[in-house]
Amino acid sequence: MDDILCDELLEEIFQRLPQTPSSSSSSSCCSVSLVSKRWLHLFRATTTTLSLRVPPPQFSTDSLTIPSSFISLLSQHPSLSSLSLHFSSSSSSSLTTTLSSHLLSLVSSSCTNLRSLRFYSAPVSLDSLASLSKACTFLTSLCICLSRPIYLKWVLSFPCLKDLSINFTSDYDETELENENQHGVWESHDFDSDSDSDNEDKELELGLESLCLAGIRGDDHGVGWLWRSCKKLKRLQLRRCQGIGGSYSCFVQCLNVLEEIELRTCRAVADGVLLKLAENCVSLNSLLVYDGGSREGLLYFFSQCRSNLRKLDLRLPMDLDNNHLHSVAMNFRGITSLRLQSCYLLSGEGLKSVAMAMNDALEELALINCDVVGRESGLLATLGQHLRQLRRLDLAHNEMLLDKEFVSMLVSCVDLVDLRLRGCKMLTGVAMISMLRSCKRLEKVDITNCFGIETEAIELFIKKSPGLRRIEVEGSKISDVARKCASDKFIEVIA
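Just so it is clear, the model here is predicted, and its values are computed rather than measured.

Caption draft 1: Examining the side chain of Ser128 more closely. By secondary structure assignment, the location of Ser128 is in helix 6 (residues 126–135). A polar side-chain atom of Ser128 sits 2.8 Å from the main-chain carbonyl oxygen of Ser125. Other than its neighbours up to four places away in sequence, Ser128 contacts Ser101, Leu104 and Ser105.

In structure tokens form, the structure reads like this:
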């Protein structure tokens, strides 16, 4: 058979193998590469996605040594379009930056067809970014670390860039910065790029559609130019930010067509950002706020926002209360996905108002680690009666959730396709029987760490569930009979 299959046919087959980092695809790829050296060579030649963890480098007195195997491996993958690099180093920051910049230069020279590059763990130099922009001219997605002070006009050298993610780390080596200036890596290093007198910058328009910035400090500057230049921005993520790196007058200029925003651990700027969104953004359809905000700022946004929100995801243990949910119910009746995590100040009153307002629209509901679920008897039954359009339900980590409360909701939610109960320790096999009776369309189920659900109930569920395609559960609870049945029915078991 190996003689009959020519190289071209094998390459065509290998190109059709899934290259996403799932368990099934990883198994297929490993099997292919072990058949023979010929298959290994052809498989590497057709691989388009690769994730590598680089071992710690060897430093000598005046140089560093990158493992030759790394350089050889890159050369054996000529078709790479997506590359992720991870490496760790216990050396000083200057040596780490030198290493990361050297690695990036190697990538630039070896992977000229890259469309996506994710480079983790250490900051890179502006010089190495200049080399990357010249070699990988079709790069559309870039994830890197940068040191301070913030300078971002190098983005202009990547004309195809649509997705940019930057993690700002420790302060930049000032001597290195001066050297790069002297060598003319970039035409100018204008760190105070928020100047309103810079008319030339105002006319620039980047093609970025997705932007993620992490680690901006309150005294950082240099991002204002980027805010002014992102006229096509649709998705924005801010993580661990104490400032926005410029003025809010610059920031509002990127909000015209913004559709999605995520604020993760950004308490210092959350109110300001929400205020500008409410006043300047009319196209927002997805909002995520985790671990940061104020009750007043949130209430202002929910009551004044003119956008037609579709997705709302909040993890605000001490900031979200019933007043916010009442405001959401009044102003955002078209929400299709509502996710609430660790919101301890809520009561059934607020959740019921949301359910009544969104009964025809809501398709996904998550109440993760919300103690109101186990605290108020009859709440889930009421929610189920109003939310008959639900397709996805997530009640994970509600340790006090009882069978009786859960079953009373399932009776009404008969169209569920995705159900997550991870960490619901009080549920038993009764819950599984109810899922079989009420939810005939279930495709995905997560019952990991549900200690009251035994092996027999899981085996019965796998046998009888007509549409099940994926189940997540501890491997010790999957009997041989259940595993064989899952294999016969093409059910993916995640243990």
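Caption draft 2: Up close: unusual backbone geometry. That bond from Arg148 to Pro149 is cis: its omega, 0 degrees, falls within 30 degrees of zero. Position of Pro149 relative to the elements: it lies in the loop between strand 6 (141–148) and strand 7 (163–171). A positive phi angle, close to 50 degrees, is found at Ser342, a residue other than glycine. Tracing the chain through its elements places Ser342 in the loop between strand 13 (337–341) and helix 14 (348–357). With a phi angle near 60 degrees, His397 is a residue other than glycine that sits in the positive phi range. Following the sequence through the fold, His397 ends up in the loop between strand 15 (392–394) and helix 17 (403–410).

Caption draft 3: A look at the confidence of the model for the protein. Looking at the protein as a whole, the pLDDT averages 87, with 85% of positions reaching at least 70. Across residues 172–200, where pLDDT falls below 50, the model places 57 contacts with residues more than four positions away in sequence or in other chains.

Caption draft 4: Fine view of the pairing of strand 1 (residues 49–54). On strand 1, burial follows the alternation: Leu50, Leu52 and Val54 on one face are buried, whereas Thr49, Ser51 and Arg53 on the facing-out side are not. Two strands pair when backbone bridges link them, and strand 1 and strand 4 (residues 82–87) are joined in this way by six bridges, in the parallel orientation. Within strand 4, the residue paired with Leu50 across the bridge is Leu83.

Caption draft 5: Inspection of the packing of helix 11 (residues 267–280) against helix 12 (residues 295–304) at higher detail. For the pair helix 11 and helix 12, interaxial distance at closest approach is 9 Å and the crossing angle is 10 degrees. Relative to helix 12, the element helix 11 is oriented roughly parallel. Contacts between helix 11 and helix 12 involve Asp271, Leu274, Leu275, Leu277, Ala278 and Glu279 on the former and, on the latter, Gly297, Leu298, Tyr300, Phe301 and Gln304. Here the residues of the contact of helix 11 with helix 12 are counted per class, giving seven nonpolar, two polar and two charged.

Caption draft 6: Just the pattern of salt bridges, in detail. Per the counting criterion, the structure on display carries 23 salt bridges. Between Glu364 and Arg392 there is a salt bridge, with the nearest N and O atoms lying 3.8 Å from each other. You can see Glu364 sitting in strand 14 (residues 364–368) and its partner Arg392 sitting in strand 15, a full 28 residues away along the chain. Owing to a relative accessible area of 17%, Glu364 belongs among the buried residues under this scheme. A residue is classified by how much of its surface remains accessible, and Arg392, at 31% relative accessible area, is partly exposed. A salt bridge links Asp418 to Arg420, with the shortest nitrogen-to-oxygen separation between them at 3.5 Å.

What counts, and at which threshold
- Residues numbered from 1 in each chain as written.
- Predicted model: local features only at pLDDT ≥ 70, side-chain atom pairs only at ≥ 80, totals over all residues.
- Heavy atoms only, no water.
- Helix = DSSP H or I, 4+ residues; strand = E, 2+ residues; numbered from the N terminus.
- Polar contact = N/O pair within 3.5 Å; in protein donor to acceptor, adjacent residues only side chain to side chain.
- Contact = heavy atoms within 4.5 Å.
- pLDDT = per-residue confidence, 0-100.
- Buried < 20%, exposed > 50% of the residue type's maximum accessible area, 1.4 Å probe, protein only.
- Pairing = 2+ DSSP bridges.
- Axes fitted to C-alpha atoms, helices over the stretch in contact; angles between N-to-C directions.
- Parallel < 35°, antiparallel > 145°, perpendicular 65-115°, else oblique.
- Nonpolar A, V, L, I, M, F, W, Y, C, P; charged D, E, K, R; others polar.
- Salt bridge = Lys/Arg side-chain N within 4 Å of Asp/Glu carboxyl O.

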